[in-house]
Amino acid sequence: MKKITCLIIPLAVVVCFVSCTKGFEAKNQDPYGITKVDAGLLFTGAERGMNAGNWDGEQTIVQQYVNAYNAGATAGFQFNEDVDQYNTPRWGVYTAVIKPLVHIISLTKDDPTNKNLYNMVRIWKAYAFMTLVDTYGDVPYSEAGKGYLELINFPKYDKMADIYTDLYNELKTATAALSASNEYVSSDLFFGGTVTSVTPAITAAQIAHWKKIGYSLLLRLGMRYSKIDAAKAASIAQEAFAGGVILSNSDNVVVTQYNTTVQNGFSNLQRTVSPYFYYLAEPFVNQLKSTGDPRLKYIGASYIKPESPFTSTRDTITANQYGFPIGYDQVSVLTKPGYRGTKGGGQNYTQLNYQVVANNVTPAFFITNSQTQLLLAEAKFRGWITGGLTTQQYYEAGIKAAMDEWNLFQGTFSPAIFEVEKNNYLLQPAIAYSDAKALELINTQYWIESITNGAEAFANWRRSGFPILQPNKYNNNLNGGFVRRMAYPNAEQAQNPDNYNAAVASMGGDGLTQHVFWDK
Amino acid sequence: MLPLKCLLWAKFNIILLCFFSIQSFAGINAQDNINLSLQNVRLTKVFKAIEKQANYRFVYRTETIPDNTVSIEVKNASLEEVLQIVLDHTPLTYRKVNNKIVVITNAIAKNVTGKVTNDEGEAVSGVSVLEQGTPNGAVTSNDGNYSITVAGNNSVLEFRNVGYETKTETVGTRTVINVLLKNQVKGMTEIVVTALGIRKESRKLGYAASTVKIEEITQNRTTNVMKSLEGKIAGLEIAPPTAGAGGSNRIRLRGQAGFNGQNNAPLFVINGLPMDQGARSAEGQPGIDQGDNLQQINPDDIESMTVLKGATAAALYGSRASNGAIIITTKSGARNSKFSVEITSNFAADKILDYSNYQTEYGTGSNGVRPTSQATAQSTGNLAWGEKYDGVPTYQYDGVQRPYLPDKNRFKEFYRTGTAYTNTIALSGGNTSTNYRVSFSNLDAKGISPDNSYHKKIFNLGLNSKVTNKLALQVNINYTHEENKNPPIVGVQGIGYSSFLHRVPLTIAIPTLKEHAVGPDGSLLSTNPFNALLTNPYYLIGRMFNNTKRDRFLGTVSVRYDFFKWLYLQGRVNADFGNNFNEGNLPHGVGVPLRNSSNTGWVGTYNVNTGYNNQMNMDFLLGTTHRIGAFTIDGSFGGNMYTVNNNFTNQGVTDFVNKDIYSIGNGITKTQNFGISRSQVNSLYAFADFGYKNFLYLNVTDRNDYFSALTPPSSLVADPKNSFNYYSAGASFIFSELLPKMSWLNYGKLRGTYATSGNANGVPPFSSQLTFSQEQQLFGTYSIWNIATSTNPNPFIKPYEVSEKEIGLELRTLNSRLNFDIAVYDKRTNDQILRADLSPATGYTGQLVNIAKLKNTGLEVMVEGIPVKTSNFSWDVSANVAYNTSEVLALNPGQTRQLVVYFNGTGNEFLGSLVYDVGKEMNQLISYTYRRNAKGQIMLNSQGRLLPSENQVNYGSANEKVIGGITNTFQYKNLSLLIHFDGKFGGKVFSSTALNGLRSGMSQASLVGRDGVVFDGVLPDGSKNTISVAPQIFYADYRTQQIADPFVFSSDFIKLRNITLTYDLTRLMIKNTKFIKGLTLSASCRNAVLLLKHIPDVDPEAFASSSDSRLGYEQHTEPTTRTFGLNLNVKF
């Protein structure tokens, strides 16, 4: 009998083998993996994760900044080269921002307790896509960020003009739908925060801020049409202005929470890899220097030892600042007439001010009072808005607002720029308002204000044509032209080939010289 | 009655319980069933007691029985067992005349003589005649005669000689024993250990199985045992990266069957315990190779090693063995052997092979100008675009002016001689029922990098016991402790020493770097603009550390019960437990200020990682053997349960409160992480071998695997396809059995097989879940949450399938002096699990999909010959060559290219990409080339500078197509000399060293155009280029434009890999002392001569990673070494 039992048992085991895969489902779940979160929690990271431009990207294209070192590793827009590493940072907005926002939308779309969150997310998503379109042209929009939710692994590229049309609708409806009678969004990094008890006043204040965000973005969007459709630009600008835009620095959309533990990586490369490779560009320094701009001391500095800006003495005297010439690298500049020579281990040119603008806790500005004022100045000048202040008033308010932004930077005076300095600056012949030069004056200020938001600087320069810059003639790659857009990341060709090819065909190429639809 | 209910816990416990119950009633089946309980009685009384219980009669002469008394206590014992006990320590022996009569006689020493002859009838001299289990031995004279005195009739003589099969003879009543030694004919009766530890005659196998000559891996010792198999087995590709003393190897059988990211190494099976290679290779950052699981094997413990190349061989190991399997059996002593001690002592010295040939005409500087100050020396310290060396004192990075001259011996000055001492002591012995072996091994190795060392200790126990006639027990235990200190950082632009030595011009001498590493404030004294990447090694040595400690326990208990001669049941439990500890730091002051920017602490990082791995394997096998007339049938049915439970804890800190204390407590910003991984595979399998007479065999197998990792949440997929069935069929036809006896054909076998196997190893557990994560640090008062998953979960993923067809021919000719083993195969991988890159616009960067198809086809040839054989001298040649080519048959629909890695995009490597292209061989190297016009002329821009092609071009596959080796063994009396050549051919490599050498002005190639490069090309207007460009600018464009032409090389090489001289002193020793049973001394040299190479400045084998993700990419590894070894083996 025992022998028979011994044969039966293995057979019993066999039966177990076949049927005992049932526990596999539980076994294949990570007990330490978090599979559900409150939708709101994903919002904070998506707000912070927005890309505000890159020194080696947009700031280089608009000739604010130069990476002079070219041993083959760092050629980029400075040398009119389409180098992937400088095209891709903004594409990262898809994973850092679009992905969580689309996820939140899927969770909150029909949730009556998350209405305000849902609409804030739509506004912030519109911001993200506006910069994506401005940077690349056609981009995946309607099918973007839906790899998991809708199994869309090959999102189609939507036409840039169509995206703008939809963004217009999104901004309008989402902004209108925000309501102080709906919920307070504590995870909102800009105007939220945990409070002990949510009062109607707190919610109302947050909603008021966000409505201004919505309308300010709408103003920005409308003004983008200025070259191609003045009537449309005028109508949207008026619509936004009537809705109520940001008119105070306390309404600025800015991330200020950076600290030594969680740093702003904006100038990380410049800080950690040989700071003496990087200089302010000549056109930018000349503009600030020639007008005695009090912001220059915070943006640029000349260090006794360019290789150690963190420990060596810095010189921020305006007269001693010299921008690195456009169109040269660290070798070819040696034979340029007027070359200023070397200093310490670097060049005798103005570097970034590593204690202020290139600090690792530098705030990240996304939408500012200054930008809105300057856009209104232009809209007023063009007669697109009615009521409000005069063009000059908007212009001067915009400049003062830009100067006040420096109060949020570490390493500045208090206040960062004194009222008397602002007033003196406004009296400078090259700065003082005149109708004759109104558009150049306004948009040059927009350029300076956007030193930490290259995406805006790049977009507004293309839109307005100001400031007037000379083409970079380092080589003849762009036939004397400017970079008008960034190329798609190289990997798109392999990762999403059909849709990529359709987009390239639609745009007439994937180079640096194609124009986005509003930049004719 | 046991309820037939599915109880998880019951699965294997039941089997084990079953075995123990078998043991308890085993006696019922025994014939004798003797029970004795006697205290201090004379032997005769014992005999009488036995006669009463069992049906025996004892015959003896009373006067031969000694007077001493014995005590015995046995139950259900057999006659043999009782007599074993009572006759021990007496001069008595016994024999059974028939089943009734037992004759007890006095074992008297007696003399035995005889003559040894061979197949040809010739006398064989120099044959070792050994009395088993004793140090007693003799040697045959020139006429083949011997004479030896043995203990008695039970003595067993063993006749051994090179080139002959060893023969044993029990002396019995004979006094003259003439012996015919058969010429050694490998394969004819060779026993091969196949899947599940089943020993099969190789003639029955329908697939290729190669056995490894163990002495070649013990004498040519390498710290990782697999490295010594390079070039030894056809179809087994071993590629050892230059990654320090404790590094891993790239091991592939018959090509790379899966895409990068899958485990493409064969499965290792150690005494039945399946183990992945687990290579922790250097893959980009941090560029440290942390070794692999094979470090846990001491070559001295290996009894046999069999390489099962094809999918059939592995079909029975299931999903983990779709890349073939390497079966290792460790020693466990021999039955009926006296206690013996074996000591092996090995010393190896590694001298670097410096193939660098950097230019020594121009020194540090930029734009043709030497440094004029300390600051310019620092800012141009990575460039050799200065002036001609003239010996004039010139500023160096430390502000001192020294003669402007090159240091031509940089590599030899920096690297030291590596050493490795290995000592193994093994104790073994056995009686009639039990045998054992215990060994302990210690290895102390110092790498060639000044701060690299590797230590390991291995304890190994092997025990075999026949508990009863029917019940056998086998236990193997292996415990390893490893310590790996500061493995070199290789293959990346990073703070590795070799990167610095290859990229900083020779102007700065090693003694200067050593003495002036530290700046006035105690941080790194800047030598070049990239101090955080090109870091003076002497600042790091003693400040930076990376230490790994690893404990690993491997244990196997196997029980087998033979119900009848034709039916057995085997149960086995394997445990594999590992504990890993790793700590490392980035010291203060490496290219950044000592204090952080907010001046709150000292800059640096420190990380501690611990992990615990637990793998259990439990299996059972029910086997049967039948013979029906001319037919034989061997059938088996079994099941396996494989579970993995791992967990890990990582802790890290950034910046420190106090200086020079690298600890978690002293850290300012802390991060912690904890996670687990667990999975289970259940399997059922059956196989059968059918034989007809002794020339036709058929093997069939079938297996079903059930994977937990392929079981998504039922909310996503209600009825998951989480199981996979695969099968194989093979045939073996020994046609020589049907032919008349021929002198030129001794053995001929034709084999063929078709096998399928599945593999799910590219699918990590939990990967069907979307998970969220919270950042460690609060952001202001906010907590930041992310969607942690970046690989879009695919709940429909299934295992990929490998199918393989193989035909082989084995021939033994000319009295087995010329033998061939030839195989051709076609191996296809379908439904390949591919991490298809997704556009980030999806929100995800990739997804696992079952899409791709690829094939590997190849030819393997092994030839063994004995060109010369006389009584004193023999020359054996063994050659192997394998040709393998692959083709990517399909990727995603519409996809023609899969990117493995864009090297330049990693930020730490420089050139081109590794891709899979449909229709091409695997592992294509692609990059841009020169832009050419219709006439083929190189087009330049208006400034005479390079332009890249519109599209990237394929430079070829990184895979070598032909790999082979030739081993010559010369034996003269007791002296043998082994000479081994090997080579690899047909692969391409990108050399980052060549690119960096050119753009930094260090390589010989950079000497061209020092006064201005006027490149041979045409300008945009079509005219011939006459524009001179500064070389520093011109050559930098190669990197910018990713033009790879000057940096693509053939990776072919031929090496005189090994020379080993062995002297067997055994016979000498036996004459002089009875104490020593064997003594062998050998000396070896590894990497003796590099006979062929194409790549400049480095060894073609100087690559960094053993993984599939860095294939065909060379960048700044440690130099390869020539190893001199001395090996002493003594048996007592």
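Note: the structure precedes this text.
What you see is a predicted model; the values in this text were computed from it and never measured.

Enquirer: Where do I start with the overall build of chain A in this structure?
Expert: Helix and strand counts for chain A come out as 20 helices and 11 strands. Computed over its C-alpha atoms, the radius of gyration of chain A comes to 26 Å, within 12% of the 24 Å expected for a compact globule of 520 residues. For the C-alpha atoms alone, the extent of chain A along its principal axes is close to 110 × 55 × 50 Å. Counting all 520 residues of chain A, 62% fall into the buried class. If you take every contact in chain A between residues at least 6 apart in sequence, the share linking residues at least 24 apart comes to 74%. Accessible area for chain A stands at about 17,800 Å²; split by element, carbon and sulfur atoms hold 54% of it. Computed over 42 positive and 43 negative side-chain charges, the inter-centroid distance for chain A is 3 Å.

Enquirer: For this particular structure, what's the right way to read the packing of helix α14 (residues 369-382) of chain A against helix α17 (residues 438-449) of chain A?
Expert: What describes two packed helices is the angle between their axes and the distance between those same axes. Residue and element names in this part refer to chain A. For the pair α14 and α17, interaxial distance at closest approach is 10 Å and the crossing angle is 165°. Taken together, the axes of α14 and α17 are roughly antiparallel relative to one another. Classified by chirality, the crossing of α17 by α14 is left-handed. Each of Ser370, Gln371, Leu374, Leu375, Ala377, Glu378, Phe381 and Arg382 in α14 lies in contact with α17, whose residues at this interface are Ala438, Leu439, Ile442, Asn443, Gln445, Tyr446 and Glu449. A per-class count over the contact of α14 with α17 returns eight nonpolar, four polar and three charged.

Enquirer: Can you walk me through the sheet that holds strand β44 (residues 897-902) of chain B in this structure?
Expert: Pairing between the strands of a sheet is mediated by backbone hydrogen bonds and can be parallel or antiparallel. Residues and elements named next belong to chain B. If you walk across this open sheet you meet the four strands as β44-β45-β46-β47, and the pairing is antiparallel. Whereas interior strands pair on both sides, the edge strands pair on one side only; in this sheet they are β44 and β47 (953-957). Between one strand axis and the next, the sheet turns through 35° on average, direction left out of account. Of the strand pairs in this sheet, strand β46 (residues 924-927) and β47 are connected by four bridges, and their pairing is antiparallel. Pairing of leucine 925 across the sheet is with glycine 956, part of β47.

Reading the values: rules and limits
- Residues numbered from 1 in each chain as written.
- Chains lettered and ligands numbered in written order.
- Predicted model: local features only at pLDDT ≥ 70, side-chain atom pairs only at ≥ 80, totals over all residues.
- Heavy atoms only, no water.
- Helix = DSSP H or I, 4+ residues; strand = E, 2+ residues; numbered from the N terminus.
- Rg over C-alpha atoms; globule rule 2.2 N^0.38 Å.
- Buried < 20%, exposed > 50% of the residue type's maximum accessible area, 1.4 Å probe, protein only.
- Contact = heavy atoms within 4.5 Å.
- Areas by Shrake-Rupley, 256 points an atom, 1.4 Å probe, with all protein chains shown as cover.
- Lys, Arg positive; Asp, Glu negative; His and termini not counted.
- Charge placed at Lys NZ, Arg CZ, Asp CG, Glu CD.
- Axes fitted to C-alpha atoms, helices over the stretch in contact; angles between N-to-C directions.
- Parallel < 35°, antiparallel > 145°, perpendicular 65-115°, else oblique.
- Left-handed = near helix turned anticlockwise from the far one by under 90°.
- Nonpolar A, V, L, I, M, F, W, Y, C, P; charged D, E, K, R; others polar.
- Pairing = 2+ DSSP bridges.

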